[in-house]
Protein chains: 2
Amino acid sequence: MEFDDKIPIYYQIKQYIYQEIIVNHLAPGDKLPAVRQLALTLTVNVNTIQRALSELINEGILESKRGRGNFVTTDVATLTDLKHRVVEEQLALMYDRLADLQIAPEDMVAYLTDYIAKRKEQAQA
Amino acid sequence: MEFDDKIPIYYQIKQYIYQEIIVNHLAPGDKLPAVRQLALTLTVNVNTIQRALSELINEGILESKRGRGNFVTTDVATLTDLKHRVVEEQLALMYDRLADLQIAPEDMVAYLTDYIAKRKEQAQA
DNA sequence: ACTAGTGTATTAGCCTTCTATTACACTATA
DNA sequence: TATAGTGTAATAGAAGGCTAATACACTAGT
């Protein structure tokens, strides 16, 4: 996995796990890989994994069962909240950044449409 | 100015200056505030300002004139490149993040439109 | 020449993040 | 009951970013 060296790795791992849950690669009740395995896979230290997981546990996203593993919460309400929160955060980020660049809301849609067309072209080439 | 504590301050200052140039608060040839003044205004250390500025100088966005000040380059080509680069980077960021969340390109526009509508409502309230 | 305003450089210290290592605690199962 | 698999905790050290303080170098105007 590639990390942005401007943002703490533990923080990027949190966001990655959010993602895995949101796109249902990790379903409610699923067991996560063992911390040592995650550390190998992501080529980071166990402590860094642990830091990310412990925050997710505090947020109620994961549940830790000592000696057995870490599991995605079965509280579905928490997970649907998560999905809404994350998607909206991404939209807000982009909206605010483009607004800072003095792009009007109406124009943002046009910019995005153009950009999507460009990506489609590139994908074909 | 507010900074995101997950991202280096010097880096956020660079982006802020990009912005000021793109929206024409800083025009080609303009003199920037003195480094000590910028440090006061943004409530950071002079060294942090200096780090941001020296990178912008390396990138050809700014020109330093010792004893006189820092100036926006008069090379207009560099500045129009900058604008394209920054806007496209923001779009790419959002596109990739939403793609990671398994939102199809066609749906991104709908999501954005909805979000803009939501912001408009909030603005009125 | 002096002085005020400017950029630049260097040092020391603090904090956070990340790594490496070791140890401990619990669970399941052979 | 031993052992393998799991989470948890604690320490020490390296690296990067930020601050504070001081000093130096150049420019313009008096």
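Residues numbered from 1 in each chain as written. Chains lettered and ligands numbered in written order. Predicted model: local features only at pLDDT ≥ 70, side-chain atom pairs only at ≥ 80, totals over all residues. Heavy atoms only, no water.

Here we come to unusual backbone geometry. In this structure, A:Thr43 takes a positive phi of about 50° despite not being glycine. As for its position among the elements, A:Thr43 is in the loop between α2 (35–42) and α3 (46–58). (Helix = DSSP H or I, 4+ residues; strand = E, 2+ residues; numbered from the N terminus.)

Another aspect to go through is the domain arrangement of chain A. All names here are of chain A. The assigned domain composition of chain A is domain 1 (9–74) and domain 2 (77–124). Placing the centre of domain 1 and that of domain 2 at their C-alpha centroids yields a distance of 27 Å. With nine residues of domain 1 at the contact, the number on the domain 2 side is six residues. Both sides of the domain 1 and domain 2 interface together cover about 650 Å² of buried area, and 82% of this is carbon and sulfur. Of all residues in domain 1, the largest losses of buried area upon contact with domain 2 belong to Tyr 18, Ile 22 and Ile 61, amounting jointly to 64% of the total for that side. (Domains from an automatic or database assignment. Contact = heavy atoms within 4.5 Å. Buried area = accessible area lost by both parts, 1.4 Å probe.)

Another point: the protein's contact with DNA strand C. Inspection of the region around DNA strand C gives 24 residues, with A:Ile9, A:Asn47, A:Thr48, B:Val35 and B:Gln50 positioned closest. The contact atoms of DNA strand C, taken as those within 4 Å of the protein, divide so that sugar and phosphate hold 66%. In this structure, a phosphate oxygen belonging to DNA strand C sits 2.8 Å away from a side-chain N or O atom of B:Ser64. In the environment of DNA strand C, a base nitrogen lies 3.4 Å from a nitrogen or oxygen atom belonging to the side chain of B:Arg66. Breaking the surface near DNA strand C down by element, the ones donating at least two residues are α1 (9–22) and α3 of chain A together with α2 (35–41), α3 (46–58) and β2 (69–72) of chain B. Among the elements that make up the surface near DNA strand C, the one with the highest residue count is α3(A) (three residues). (Near = heavy atom within 4 Å. Polar contact = N/O pair within 3.5 Å; in protein donor to acceptor, adjacent residues only side chain to side chain.)

Right, let's talk about the relation of the copies chain A and chain B for a bit. Expressed as a screw operation, the relation of chain A to chain B combines 0.0 Å of axial shift with a rotation of 180°, fitting to an RMSD of 0.1 Å. Taken together, these values place the two copies in the relation of a two-fold axis. The share of interface residues of chain A whose copies in chain B are also at the interface is 100%, consistent with both copies meeting through the same surface. (Least-squares fit on C-alpha atoms with pLDDT ≥ 70 in both.)

Here we come to the nonpolar core. Core analysis: the largest hydrophobic core is formed by 70 residues, its most contacted members being A:Ile21, A:Ile49, A:Leu53, B:Ile21, B:Ile49 and B:Leu53. Ignoring sequence-local partners within four residues, the contact set of B:Ile21 consists of B:Leu26, B:Ile61, B:Leu62, B:Val72, B:Leu79 and B:Leu82. (Core = buried A, V, L, I, M, F, W, Y, C linked by side-chain atoms within 4.5 Å. Buried < 20%, exposed > 50% of the residue type's maximum accessible area, 1.4 Å probe, protein only.)

For the pair helix α4 (residues 76–100) of chain A and helix α4 (residues 76–100) of chain B, interaxial distance at closest approach is 10 Å and the crossing angle is 170°. Comparing the axis directions of α4(A) and α4(B) gives the class roughly antiparallel. Taken together, the residues of α4(B) that come into contact with α4(A) (itself represented by A:Gln90, A:Leu91, A:Leu93, A:Met94, A:Arg97 and A:Leu98) are B:Gln90, B:Leu91, B:Leu93, B:Met94, B:Arg97 and B:Leu98. Here the contact of α4(A) with α4(B) is composed, by residue class, of eight nonpolar, two polar and two charged. (Axes fitted to C-alpha atoms, helices over the stretch in contact; angles between N-to-C directions. Parallel < 35°, antiparallel > 145°, perpendicular 65-115°, else oblique. Nonpolar A, V, L, I, M, F, W, Y, C, P; charged D, E, K, R; others polar.)

This part is about the pattern of salt bridges. Summed over all chains, the structure comprises 16 salt bridges over all chains. With a shortest N-O distance of 2.9 Å, A:Lys14 and A:Glu55 are connected by a salt bridge. Of the two residues, A:Lys14 sits in helix α1 while A:Glu55 sits in helix α3, which places them 41 residues apart along the sequence. Among the residues examined, A:Lys14 registers a relative accessible area of 7% and is labelled buried. The residue B:Glu88 makes a salt bridge to A:Lys118 at a minimum N-O spacing of 2.6 Å. Of this pair, B:Glu88 sits in helix α4 while A:Lys118 sits in helix α5 (residues 105–124), placing the two residues on different chains. Using a relative accessible area of 33% as the deciding quantity, one classes B:Glu88 as partly exposed. Residue A:Lys118 is classed as partly exposed on the basis of its relative accessible area, which comes to 32%. (Salt bridge = Lys/Arg side-chain N within 4 Å of Asp/Glu carboxyl O.)

Taken together, the contact between chain A and chain B spans 37 residues of the former and 37 residues of the latter. Here chain A packs against chain B, burying approximately 3500 Å² in sum over the two surfaces, 71% of which is carbon and sulfur. Our count for the contact surface shared by chain A and chain B stands at six salt bridges. At the junction of chain A and chain B, the tally comes to four residue pairs in polar contact (both at pLDDT 80 or more). Residue assignment for the side of chain A that touches chain B shows that the elements contributing at least two residues are α1, α4 and α5 of chain A.

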